[in-house]
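Fold and geometry: a report
Here is what each chain is made of, one letter per residue.
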Amino acid sequence: GQMMPSDLRKLRCHWLMKGDLISLRNWVMTLFGVINMYRINEVLQLQVEDFDDSYYPTGKSSPMPANGQGALTRCQVVNAHSVEALATEVHGKSDDRPVRLAIFLNRECPEFCILRLLLWWLKITGIKSGYVFPRDNIINRREKGDLIGQCDEHVAYSSYYTDLKL
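Residues numbered from 1 in each chain as written. Predicted model: local features only at pLDDT ≥ 70, side-chain atom pairs only at ≥ 80, totals over all residues. Heavy atoms only, no water.

**Section: the overall build of the protein chain**
Secondary structure summary: the protein chain contains 6 helices and 5 strands in total. The N-to-C order of helical and strand elements in the protein chain reads α-α-α-β-β-β-α-β-α-β-α. Relative to all contacts within the protein chain whose residues are 6 or more apart in sequence, the contacts with residues 24 or more apart total 47%. (Helix = DSSP H or I, 4+ residues; strand = E, 2+ residues; numbered from the N terminus. Contact = heavy atoms within 4.5 Å.)

**Describing unusual backbone geometry**
At M37, a position not held by glycine, the phi torsion is positive, near 55 degrees. Turning to its location among the elements, M37 is positioned in the loop between α2 (21-36) and α3 (40-44). Exposure remark for M37: the relative accessible area of 73% places this residue in the exposed category. (Buried < 20%, exposed > 50% of the residue type's maximum accessible area, 1.4 Å probe, protein only.)

**With respect to the pairing of strand β4 (residues 127-130)**
Two elements, β4 and strand β5 (residues 149-151), share 3 bridges in a ladder whose sense is parallel. Across the sheet, G130 pairs through a bridge with C151, a residue of β5. Viewed along the sheet, the connection from β4 through helix α5 (residues 136-143) into β5 turns out left-handed. (Pairing = 2+ DSSP bridges. Right-handed = clockwise from strand over helix to strand, strands pointing away.)

**Side note on the environment of Y160**
Turning to its location among the elements, Y160 is positioned in helix α6 (residues 157-164). Along the sequence, Y160 and L44 sit 116 residues apart, while their C-alpha atoms lie 9.4 Å from each other. Once residues within four sequence positions are removed from consideration, Y160 is found in contact with W15, N26, M29, T30 and I40.

**Some details on the nonpolar core**
Ranked by size, the top nonpolar core spans 39 residues in total, and within it W27, F32, W121, V132 and F133 carry the most contacts. Of all the secondary structure elements, the ones that give two or more residues to this core are α1 (5-16), α2, α3, β2 (82-90), α4 (114-125) and α5. A per-element tally of this core places α2 first, with 8 residues. Discounting chain neighbours no more than four positions away, the residues touching V132 are L46, Q47, V48, F51, L118, W121, L122 and I127. (Core = buried A, V, L, I, M, F, W, Y, C linked by side-chain atoms within 4.5 Å.)

**So, α2**
Over its 16 residues, α2 runs 22 Å from end to end, which matches the ideal 22 Å to within 8%, given 1.5 Å per residue. Most of α2 is tucked away, with 14 of its 16 residues classed as buried. Looking at where α2 begins, the residue whose side-chain oxygen comes 3.0 Å from the main-chain nitrogen of I22 is D20. (Expected span 1.5 Å × (residues − 1). Polar contact = N/O pair within 3.5 Å; in protein donor to acceptor, adjacent residues only side chain to side chain.)

**What about the packing of α2 against α5?**
Relative orientation and spacing of two packed helices are given, respectively, by the angle between their axes and the distance between those axes. Contact geometry for α2 and α5: axes closest at 9 Å, N-to-C directions at 125 degrees. Taken together, α2 and α5 sit at an angle that is classed as oblique. Touching L21, I22 and R25 of α2 are D136, I139, N140, R142 and E143, all from α5. For the contact of α2 with α5, the class distribution of residues is 3 nonpolar, 1 polar and 4 charged. (Axes fitted to C-alpha atoms, helices over the stretch in contact; angles between N-to-C directions. Parallel < 35°, antiparallel > 145°, perpendicular 65-115°, else oblique. Nonpolar A, V, L, I, M, F, W, Y, C, P; charged D, E, K, R; others polar.)

**What about the side chain of R25?**
Looking at where R25 falls in the secondary structure, it is placed in helix α2. When its relative accessible area of 0% is taken as the criterion, R25 is described as buried. Among residues more than four places away in sequence, those in contact with R25 are W121, F133, P134, R135, D136, I139, V155 and S159.

**Observations concerning the packing of aromatic side chains**
Tallied over the full model, the rule gives 2 aromatic pairs. When the centroid spacing of 5.2 Å and the interplanar angle of 90 degrees are considered together, the rings of F32 and Y38 count as edge-to-face. For Y38, a relative accessible area of 9% gives the class buried. (Phe/Tyr/Trp six-rings, centres within 6.5 Å; stacked < 30°, edge-to-face > 60°.)

**What to know about the pattern of salt bridges**
Per the counting criterion, the structure on display carries 5 salt bridges. The salt bridge involving E111 is made with R9; its shortest N-O contact spans 2.7 Å. One end of the pair, E111, is in the loop between β3 (99-104) and α4; the other, R9, is in helix α1, with 102 residues separating them in the sequence. Here the residues in one salt-bridge network are R9, R12 and E111, joined through shared partners. (Salt bridge = Lys/Arg side-chain N within 4 Å of Asp/Glu carboxyl O.)

Written as structure tokens, this is what we have:
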């Protein structure tokens, strides 16, 4: 069925009342998937590099052209203290090539603002590259005080699904 805002609020309460990073990760993953209409495997495989500036549609680390012509920046910064939008690529089942999707700051309904939540998640975990949503054992290292930095393993679907059951 259709997921309503009240359903999202129940999930948020279910996970955030636990007060741990694994539950927070699951909330960020759920909201990201619902708001952006990503399939779970697309959320699991999301990488920090998917948000980098890029000129070529499939080049995650390709530099922008020197003159800026034809460039589509993946991060729109209005001033030094405010990010207004991010863009990422997803290669859907029926797409011939990756498609760019924008994530905008949601001022109308800040409780479901995935842009703020995603940036906060990256800040508190210290993830700088690799997968955005790490496996439980990597998160457990963060809870002991270590910043994650590079994340080479994404969360397993079975772990997420088990925690999803209310």
